[in-house]
Structures are given as structure tokens and as C-alpha cells.
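Observations on chain architecture
The residues making up each chain are set out below.
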Amino acid sequence: MKEFWLGKLDWSALPHEWFTIAGSVGITLMLLSLAAFITYKKSWTWLWKDWLTTVDPKKIGIMYFIVGGLMLARGGLDAIMLWAHQALAGSGEGYLTAQHYQEIFTAHGNIMVFFVAMALIFGFVNYIVPLQIGARDLASPFMNTLGFWLYVAGVIMINMFFFFGGEYAATGWLAVAPLSGTEFSPGVGMDYWIWSLQISGIGTTLGGINFIMTILKMRAPGMSLMKMPPFTWGSLCSMMMVVSVFPLLTMTIILLFFDRYFGTHFFTTSGGGNPMMYTNLIWMWGHPEVYIIMLPSFGIFTEVVSTFSRKPVAFYKSNVIAMIGVSTISLCVWLHHFFTMGADANVNSAFGVATMLIAIPTSALVISWIATMYKGRISFKTPMLWLLGFVVIFGVGGITGVLLAIPPVDFQLHNSLFLIAHFHSNAVGGVLFGIFAGLSYWAPKMLGFRLNERIGRYAVWSWIVGFFVAFTPLYVLGLMGATRRLDTYDASTGWQPFFVMSFIGGLIIALGVVLQVVQIIASIMQRKQLADTTGDPWNARTLEWSMPSPPQEYNFTAIPEVTTRDVFWKMKEDNAQPLPYEDIHMPKRTATGIYISAFAFLAGFGFVWEIVWLVVVSIVGIIVVFVMKGFDEHAEYTISASKVSQMEATRAKKIEEAKQYARDDHEDMGLIEFMRTAPGWLFGLVRNKS
Amino acid sequence: MNHAPTRDEMTHEEAADDRTMFGFWVYLMTDLLMFAVLFAVFAVLLNSTDGGPGATDLLSPQIALINTVLLLTSSFTVGLGLQAVTWFGLTFLLGAAFLGVELYEFYELIHHGHTMQSSAFLSAFFVLLSTHGLHIAAGLLWLGIILIYVLKRGLTRSNVRKLALLSLFWHFLDIVWIFIFTVVYLMPFTGV
Ligand code: HEM
Ligand SMILES: [Cu+2]
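Rules used throughout
Residues numbered from 1 in each chain as written. Chains lettered and ligands numbered in written order. Predicted model: local features only at pLDDT ≥ 70, side-chain atom pairs only at ≥ 80, totals over all residues. Heavy atoms only, no water. Helix = DSSP H or I, 4+ residues; strand = E, 2+ residues; numbered from the N terminus. Rg over C-alpha atoms; globule rule 2.2 N^0.38 Å. Buried < 20%, exposed > 50% of the residue type's maximum accessible area, 1.4 Å probe, protein only. Contact = heavy atoms within 4.5 Å. Areas by Shrake-Rupley, 256 points an atom, 1.4 Å probe, with all protein chains shown as cover. Salt bridge = Lys/Arg side-chain N within 4 Å of Asp/Glu carboxyl O. Donors = N, O, S within 2.8 Å, 3.2 Å for Na, K, Ca; no water. Near = heavy atom within 4 Å. Polar contact = N/O pair within 3.5 Å; in protein donor to acceptor, adjacent residues only side chain to side chain. Nonpolar A, V, L, I, M, F, W, Y, C, P; charged D, E, K, R; others polar. Axes fitted to C-alpha atoms, helices over the stretch in contact; angles between N-to-C directions. Parallel < 35°, antiparallel > 145°, perpendicular 65-115°, else oblique. Left-handed = near helix turned anticlockwise from the far one by under 90°. Patch = residues over 30% accessible without salt bridge, like charges linked within 9 Å, V, L, I, M, F, W, Y side chains within 5 Å. Core = buried A, V, L, I, M, F, W, Y, C linked by side-chain atoms within 4.5 Å. Buried area = accessible area lost by both parts, 1.4 Å probe. Phe/Tyr/Trp six-rings, centres within 6.5 Å; stacked < 30°, edge-to-face > 60°. Lys NZ or Arg CZ within 6 Å of the ring centre and 35° of its normal. Disulfide = S-S within 2.5 Å. pLDDT = per-residue confidence, 0-100.

Right, let's talk about the overall build of chain A for a bit. Across its full length, chain A carries 22 helices and two strands. In terms of overall dimensions, chain A is globule-like: its C-alpha atoms have a radius of gyration of 25 Å, near the 26 Å expected for 690 residues. With the principal axes as the frame, chain A shows a C-alpha extent of 70 × 65 × 55 Å. Across the 690 residues in chain A, those meeting the buried criterion constitute 57%. Residue pairs in contact within chain A that sit at least 24 positions apart in sequence constitute 83% of those at least 6 positions apart. Of the roughly 27,700 Å² that chain A leaves accessible, carbon and sulfur atoms contribute 69%.

So, in C-alpha cells, the structure goes:
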């Protein structure tokens, strides 16, 4: 009977080790205090109606940022734990068990790729793309909420092991076979891996389809493909790759699931199974995935460079073609991840050459950025500083990538710390810096006030310096023969000083993160002074700057006509008059995405613990909710032109009021002033509004 | 107007339908990629029978031919259904018959001890076939529900659109089946 109701769950599944207790208690406390705060402010209805069930891509974008930001902290904590262990392990045993160490690096990889990079990128695509192409919403607003909530379900799933089971996969982030089969990974940790990636991966595919529809079908009249802003282009390329490879991931995970649950022999060592096939399939998705997260960042940097150099993008067409080239070539290079695994010399050479080819379009991009800066009137605001850090670090990452693409070299360096340093150069210096640049660039649009420049600069420099201190030793260690995923090494190797240095670098990066948090709080404290009353604080060129910040729910009072690439720049030059107001159709809010994702989560949970009834009930639930949604024919409402004019008038009045506080000539708050004023401000926050 | 309306000329609803249609095509492509994985896996594992019987010993092209005829005919009735809705009733029956035959084939295999656990080849066979079968079942469920709503609400704009999407889906499954018929039931016998 207990079997039936609870499957494999029993008392021993509850937290009993220090890290699961810390995790589960910590998460519970966080959620409880959040709930208490919301109840105290009587904000539940507001939260539900204005945020959780919203279909507004701008709000969904912000929710992506919030969840992705929390996950960044979680993944960062993992990283610090790994670093500290390695630094200690040279003289003694470190403080983690081997099993635990393996679980942490697996979780770190999964979280950073799926739940941080993907989330933050989807955040930008949601918020910025419709604004850039002159659209009011997405092709399918419902699919978008569904994608977001499936992502959240994946996030919850990957953190579930703190509460039930106490173990996560210990296989590395890609769960190579046969290690991920039942024979070698019998525990539920592997199943959590399967279901958190599967559920969020399906959400990603939905997002991909939706944004392709949106970008290809909903651009403002006159905006031909070659007039699209670079970030939209980067997103389009990225989403094209999403729909080309995420189905592969989904199916591969399904096959792994069959092997584990039904005893099939796809990737097993017995019964004729073929583990090598898993390696191929997962990298056919895995390599393109690294470019899926890279391309939107390319786009962000192109925007930033052009805005802060006061020049149109130089070689725009080559820039676009380069992005298309990168995405196409990167579908054909996956084998470079396993040169050492038995392919013959001809195959290795072919994939090696294909891999090196990527350097050509990538260089074309770099040339485009540098040429845009050439003779420009550059202003070194934080987004621009991120760009400079990026160009250098990404350059190193690209060059080491080309080195690794030479098979004989790779035979030496494969799975060494050199490889780790390579991809962190790209993933941190490339993807993450791009995201940070984007955050400080678009913050005024999204928040209505720009971020503190002074503290922002400190954060950038901590990240750049920290990065080099942390990862240069890893390049060296890799050349000295240190492999990745190492939890013990002998003191006689002489590696410890390098590991310690790397750990110190990690701490400097952590300081950068703290400074970023401080930057955000300081900006909120000074939000009146930093307010963006123009809608266009950087004197930028693309449509998202053409309306007041933050944009109204309908984005545009009237859809602009696009005649040239930097339309907004042209509008400013021509002193274009605003268009008359019109009736606006907007999608209604919906909770269907939440319900479906909740069922998807429960189904996954049921699978993990083999609770059959839960799986069945959840799947039936998903079908029923889908059908009900599918036949609901009243998904839209209309805002009349007069209502629009009213809303715009109220908005204009508010902006007039804000103008008296806003001043750009003042120096932003520094750290000392922050430390002096923050406690009082915090105190006031709790006192005032009760 | 004798050319297809451009995006700027469409009404709000027409534009929405146009987007949905396009998005559905993109979805079909993602689904096709999932099948592509299964086909590749099947090709790789075709001879991995672990010493047990292989494709030529176990599979019968005759049964698959019956299924091919059933499914192709059902696709034809879908075409007719877009002219006169009642034809969709026949589609439903033919689809169900297809599933019945497929289940019978599975039953025979399993009954003789050839399960998806027996060998890598059979794993690939069963998963490829049942993924397609599951799609057919989902299509039937979807068709049934739409037909109920057509009875209740008539041929509203949204019902017509749903039927149009369903017909795309059905033809898509038909094409996948042609590939299955070729790759699973014919090629092993020709020794390719
Ligand atoms: C010019 C561009 C690039 C080239 C030529 C390149 C080349 C390579 C090669 C050959 C490997 C395999 C090394 C080995 O396993 O021995 C590799 C691994 C990797 N690369 Fe790159 N890469 C490039 C850009 C990027 C970018 C932009 C990212 C991420 C945003 C990235 C992320 C990774 C990751 C995550 C791995 C290792 C994954 C693992 O084994 O767990 N690479 N790269
Ligand atoms: Cu790669």
C-alpha cells in the first residue's frame, strides 16, 4: 500500500546530511520570509494578477531575470565550494567527499547553462525583442508563459534533492553513458537530472518556436530582415538553433529515460547497446548549445558598441552574415568534444577543420565591433567596460578553442583544466559579460532609472581582474597535466599554489557579485536622481528607446513605419511627430501555463520516485488543461484609443514631476556613502509602508 | 484582390491565423527532428541484436503494408474532410484501425518473448514505432475533441483553424510512416 502511494519515497529520503539540511532549511526559510512579507504587504492578489499570470513579455522577462539571478547565486556558491575544496586538497583531503564533489560540479554545470545563461538570455529576448521590432506582444503569449513556467518547474526540480533524496547526479553536466545508466547511477539523483532538464528543455523549445514566429511575422511595416537591430538578429539565430537542436536533447533524454526505467538497451553496455551513440547525440545538441547562449550576447555587444560610439554598426551586413555563419557552422563541429574517443584520423581532421572555420566569422564580428569604435565618439559607460573585458577574454577563449580544435593538441589537453579555462573564458567573458552589459545598458528602459555608474565600474573591474586571477592558473595547470573534475591530487605535483591562486580569483569574482548587488540597491535608493525621463538616456538608435521608460503594457501607442536601419536615430534627426492613437488589442492574462507546469513538475516528481498514480493523474491533468485552454475563444481585450490617450497623459504628468529630481550631472553614490546611508534607508523601507 | 494578402493588408484575425500556421510548421520541424534521432538510432542499432533474432526474422512487411494503406487512406479522407467535415469521422476510424493493427503486431512480438528489453535492435524498433503510434493516438484524441466542439459550436473560425492544423499534423505523421515503412520494414530485407 505504501508502495502504491509513495513509490520509493521513505524516511531515509529526508535531509540528513549537512548540505541537504542547510539547503532545505535555507530554502524553506527564504520562501517563508518571502511569503510573510507578501502577506504583511497584502500583496498576494497583486502578485498573482499583475505578475504570475501575466502574458506581458516585459514582465516575464523580468521574472526570468529574478529567477536566473537567484540561480546564478546558487551556481556561484557551488563554484566557490569546488574552488575551496581544490585549494585545500593539495595538503590534506579537502572537506568534501568524492561523491559530493562530483554532485556539485554536475549541478554547477547544469545550473549555469540551463538555469542561468538560458534564463537571462530569454529574459532579454522577452523584454527587448518586441520593443526592437515594433511589436506589442508575442506571436503566442500563452506559449511564452508556458515556456517560462516550465523553466521554473525545472528550477524547482533541480533543487528538489535538498528535500527528498539527498543526492544529485554525479556524472558531469552531460551525464555521459553508460555512467548515467542504472548500473552505475542507480540513485534518484540521476532522475532529477533527467526531469529537470527535460521539463525546462521543452519550455526552451516552445520559446524558440514562439520567438521565431514573432521575429519573422510581427516586425513593424518596412522593417526588412536587413533592417533588424543586431540584438534581434542574434536572438533570431539563437532561436533558430534552439529549434534545431533542443529536439535532439529531448529525444536523447527520453532514450536515457527508457534505459533507466524500462530496461531498454540504447546506451547500455549489455544487450547490444551503444554508449558512444549517447556521446554523439548529446554533443550534437551540446556544442550548438554553447552558441545558443553566445549569439544573443554578440547582438548585445553590437548594440552597445554602436550606441556608445555614436556611430551606426560598421559592416552591419558582414556582422549579420557572420552570426548566421557561426550558427550554421556550429551545427557541424560536435565531434571536437571527443577527438580522443576512437574516430579515425580523417574524421578527426574534418571536424577539426570545421571547428577552426568558426574562428573566421567570429573574427568578422570582432572586426565589425572594432571598426564601429574607430573614429567614434566613445563614452566609457559600464556597458562599454564590459565590452572591453569581453573582447580580451573572449579573444583568449577563442584562440584556445582553435588550439583545442587541433586533434593532436587536443589529445594532450582534452579534459584537462586547460579545457575548463577555455570554455570559462567564453562562457564568463563572453556570455555572462554580454548579459551584464545588456543589463546596465537596458536597465533605464526596464526600470525607469539607470544603474549607479560608479559602483558599476568597481564591479566590472573586480570581474575582469578576478577572472584573470582565477583562470590563468587553470590554463597553466592544464598544461602541467591537471585534469578536470579533480578532487584529490598529490602535494608532490606542486599544483597547490596555482589552485590557491585560482581560489583567490574566485573570491575576487565573488566580490564583483557583491558589488553588483550593492550597485542595484544603491541605484534603487537613488532612483529619483537617476530617473530616466527621456526614454532615451544614451542617445541610442533603435526603436526600444522611442517610448518613455518603462514602456506601457502595449509598448507602442502606434506602430512606427520603418524606413531605415537605425530608425529611431532617423526619427530624432527628422524630429518626427508622434502618430495618432488607435485602438489596441492585447492578450488577456492566463494561469494556464502555471497549471500545466505544475502538472509537468508533479509528473516528473512521480517519475523520479516511481509514484505511478501521480504520473497518470498529472498527465491527464495536462491534457485536460490544454483542451480547456484550446477552446477558450476570448483571449484578447481591447484598449480604446481614448483610454490610451488618457494613460499617456497620466504618464506624461508623472514624467514632468520626475524631472525636478532627476539630475545627470551629479556624481553617483560611492561605496562609503552607500554604507553610511543604506541602513537608514532599509529601516525606512520596512517602517514607512506598513 | 487576387494575390495573397501581405502582412500589412491582413485583418487582425487573419494575421493571427497566419502566425499560428507558420508556428505550427516550425513545431512540426522540431517533431521531425525527434523522429530523425530515432531513425538514426534505429539505423545504428539495426544489427545489434545481441545474438537474438533480427529485423528479417521478426518483422512482416505485409502487416506494415496493410497499415500503410490504412494510413494513406486516412490522409486522403483528411483532405476530403476539409471540404466536408463528416469525412473526418472516417479518418478517425482508419486511424484507430491503424493503431489496432500496430498493437496486434506488438502483441505478437511480445507474446513470443521479443520485448524491447531483449536487444538494442528491439529497443530501437519498439521506441520508434510507439513514438509514431503515440502521435497517432494523440491525433485521434485531438480530432475527437475538435469534432465534439464542432458539434457543439459549429464550424467557427477557431474550429476550422484547428482542423486545418490537425490535417497538417496528420499528413506529417503519414510522411513519417512512409519513412518507417521504408527504413524499418523494407530496407532490412533488401540487405541495404
Ligand atoms: C572559436 C570558437 C571556439 C572554438 C574553436 C572552440 C573549440 C572547442 C573545443 C575543440 C572543445 C573541446 C575540447 C576538449 O574537450 O578537449 C571545446 C570545449 C568546450 N567549449 Fe569551446 N570553442 C569555441 C567557442 C566556445 C564558446 C563561445 C563557448 C561557450 C559559450 C564554448 C564552450 C565550450 C564548452 C562548455 C566546452 C567543454 C564542454 C565539456 O567538455 O564539458 N566554446 N571548445
Ligand atoms: Cu564544442
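Here the structure, examined in full by the defined rule, presents 14 salt bridges over all chains. For Lys8 of chain A, the salt bridge identified is with Glu610 of chain A, shortest N-O distance 3.6 Å. Of this pair, Lys8 of chain A sits in the loop between helix 1 (2–6) and helix 2 (18–40) while Glu610 of chain A sits in the loop between helix 19 (592–609) and helix 20 (612–630), and the two are 602 residues apart along the sequence. What emerges from the salt-bridge pattern is a single network uniting Asp17, Arg157 and Arg161 of chain B.

Residue and element names in this part refer to chain A. Bound to the copper ion (ligand 2) are the protein donor atoms His287 (ND1), His336 (NE2) and His337 (NE2), situated 1.8 to 2.0 Å from the metal. Written as a sequence motif, the donor arrangement for the copper ion (ligand 2) is H-x48-H-H. A distance of 4.4 Å spans the gap from the copper ion (ligand 2) to the iron atom of ligand 1. With His287 in helix 9 (residues 275–308) and His336 in the loop between helix 10 (316–329) and helix 11 (345–357), this pair connects stretches of sequence that are 49 residues apart. His336 carries the same exposure label as His287, and that label is buried.

Residues and elements named next belong to chain A. Near ligand 1, the surroundings consist of 21 residues, among which Trp173, Asp410, His414, His422 and Arg484 are the closest. With respect to ligand 1, the side chain of Asn426 contributes an N or O atom lying 3.4 Å from a nitrogen atom. It is helix 15 (residues 417–447) that provides the largest number of residues to the shell around ligand 1, a total of five residues. For the shell around ligand 1, the class distribution of residues is eleven nonpolar, eight polar and two charged.

Residues and elements named next belong to chain B. At a minimum axis distance of 7 Å, the contact between helix 1 (residues 12–45) and helix 5 (residues 120–153) shows a crossing angle of 155°. Between helix 1 and helix 5, the angle falls in the class roughly antiparallel. Remark: the crossing between helix 1 and helix 5 carries left-handed chirality. The residues of helix 5 that touch helix 1, namely those facing Phe24, Tyr27, Asp31, Phe35, Leu38, Phe39, Val41, Phe42 and Leu45, are Ala120, Phe121, Ala124, Phe125, Val127, Leu128, Thr131, His132, His135 and Trp142. A per-class count over the contact of helix 1 with helix 5 returns 15 nonpolar, three polar and one charged.

On to a nonpolar patch on the surface. All names here are of chain A. There is a patch of nonpolar side chains on the surface, built from Phe37, Tyr40, Leu682, Leu685 and Val686 and spanning about 480 Å² of accessible area. For the nonpolar patch, the secondary structure elements donating two or more residues are helix 2 and helix 22 (671–688). Here the element with the most residues in the nonpolar patch is helix 22; it accounts for three residues. With respect to the helices and strands, Tyr40 occurs in helix 2.

Turning our eyes to something else, we now look at the nonpolar core. If you look at the biggest cluster of nonpolar residues, it comprises 243 residues, and the most contacted ones within it are Tyr151, Tyr192 and Trp193 of chain A together with Phe125 and Tyr185 of chain B. Among all residues touching Trp193 of chain A, those that are not within four sequence positions of it are Thr106, Asn110, Tyr168, Ala169, Trp173, Leu174, Ala175, Ile253, Leu256 and Tyr278 of chain A.

Residues and elements named next belong to chain A. Residue placement: Thr54 occurs in the loop between helix 3 (44–52) and helix 4 (57–89). Look at Thr54 and you get buried, because its relative accessible area is 7%. Polar contacts involving the side chain of Thr54 include one to the main-chain amide nitrogen of Asp56, which spans 3.0 Å. Setting aside residues no more than four positions away along its own chain, Thr54 makes contact with Lys59, Ile60, Met63, Thr145 and Arg589.

What follows is about the packing of helix 8 (residues 230–262) of chain A against helix 1 of chain B. As a packed pair, helix 8 of chain A and helix 1 of chain B sit with axes 8 Å apart at the nearest point and diverge in direction by 45°. By the angle between their directions, the pair helix 8 of chain A and helix 1 of chain B is classed as oblique. Regarding helix 8 of chain A and helix 1 of chain B, the two cross each other, and that crossing is right-handed. Counting all contacts with helix 8 of chain A, which are made through Val243, Ser244, Pro247, Leu248, Thr250, Met251 and Leu255 of chain A, the residues of helix 1 of chain B involved are Val26, Thr30, Leu33, Met34, Val37, Leu38 and Val41 of chain B.

The interface is formed by 36 residues belonging to chain A together with 37 residues belonging to chain B. Around 3,200 Å² of area is buried between chain A and chain B when both sides are counted, 73% of it from carbon and sulfur atoms. Per-residue buried area on chain A facing chain B is highest for Lys217, Met251 and Phe631 of chain A; these three make up 23% of the total on that side. Between chain A and chain B we count one salt bridge in total. Between Asp18 of chain B and Lys217 of chain A there is a salt bridge, with the nearest N and O atoms lying 3.1 Å from each other. Among the secondary structure elements, those contributing two or more residues to the side of chain A that touches chain B are helix 7 (188–217), helix 8, helix 9 and helix 20 of chain A. Across the side of chain A that touches chain B, the residue classes break down as 20 nonpolar, twelve polar and four charged.

Attention now moves to the packing of aromatic side chains. Residue and element names in this part refer to chain A. All told, the structure shown has 71 aromatic pairs over all chains when counted by the stated rule. With a centroid separation of 5.1 Å and an interplanar angle of 55°, the aromatic rings of Phe258 and Phe262 are classed as tilted. Of this pair, Phe258 and Phe262 both sit in helix 8, four residues apart, which is roughly one turn of the helix. The buried category is assigned to Phe258, whose relative accessible area is 17%. For Phe262, a relative accessible area of 35% corresponds to the partly exposed category. Taken together, the aromatic side chains of Tyr64, Phe114, Phe115, Phe122, Phe148, Trp149, Tyr151, Trp173, Phe211, Phe246, Trp283 and Trp285 make up a single cluster linked through ring pairs. Positioned above the aromatic ring of Phe142, the side-chain terminus of Lys629 is 4.9 Å from the ring centre.

With that settled, consider the side chain of Asn67 of chain B. Among the secondary structure elements, Asn67 of chain B is positioned in helix 3 (residues 61–81). Residue contacts for Asn67 of chain B: discarding those within four places in its chain leaves Phe98, Val101, Glu102 and Trp177 of chain B.

This part is about the state of the cysteines. Overall, the coordinates contain zero disulfides over all chains when judged by the stated rule. Between Cys237 of chain A, a cysteine without a disulfide, and Cys332 of chain A, which holds the nearest cysteine sulfur, the sulfur-to-sulfur distance is 14 Å.

Let us look at the confidence of the model for chain B. All names here are of chain B. Per-residue confidence for chain B gives a mean pLDDT of 92, with 95% of residues at or over 70. The weakest mean pLDDT in chain B belongs to helix 2 (residues 55–58) at 93; the strongest belongs to helix 4 (residues 87–111) at 96. Across the interfaces of the predicted complex, the ipTM metric reaches 0.95, alongside a pTM of 0.95.

So, about unusual backbone geometry. Residues and elements named next belong to chain A. Omega for the bond connecting Ala177 with Pro178 falls within 30 degrees of zero, at 0°, which places this linkage in the cis form. Along the chain, the position of Pro178 falls in the loop between helix 6 (141–159) and helix 7. Here the amide bond leading from Ser549 into Pro550 is cis, since omega sits at -15°, within 30 degrees of zero. Its location among the elements puts Pro550 in the loop between helix 17 (496–525) and helix 18 (567–574). Positive phi, close to 50°, is recorded for Ala175, a residue that is not glycine.

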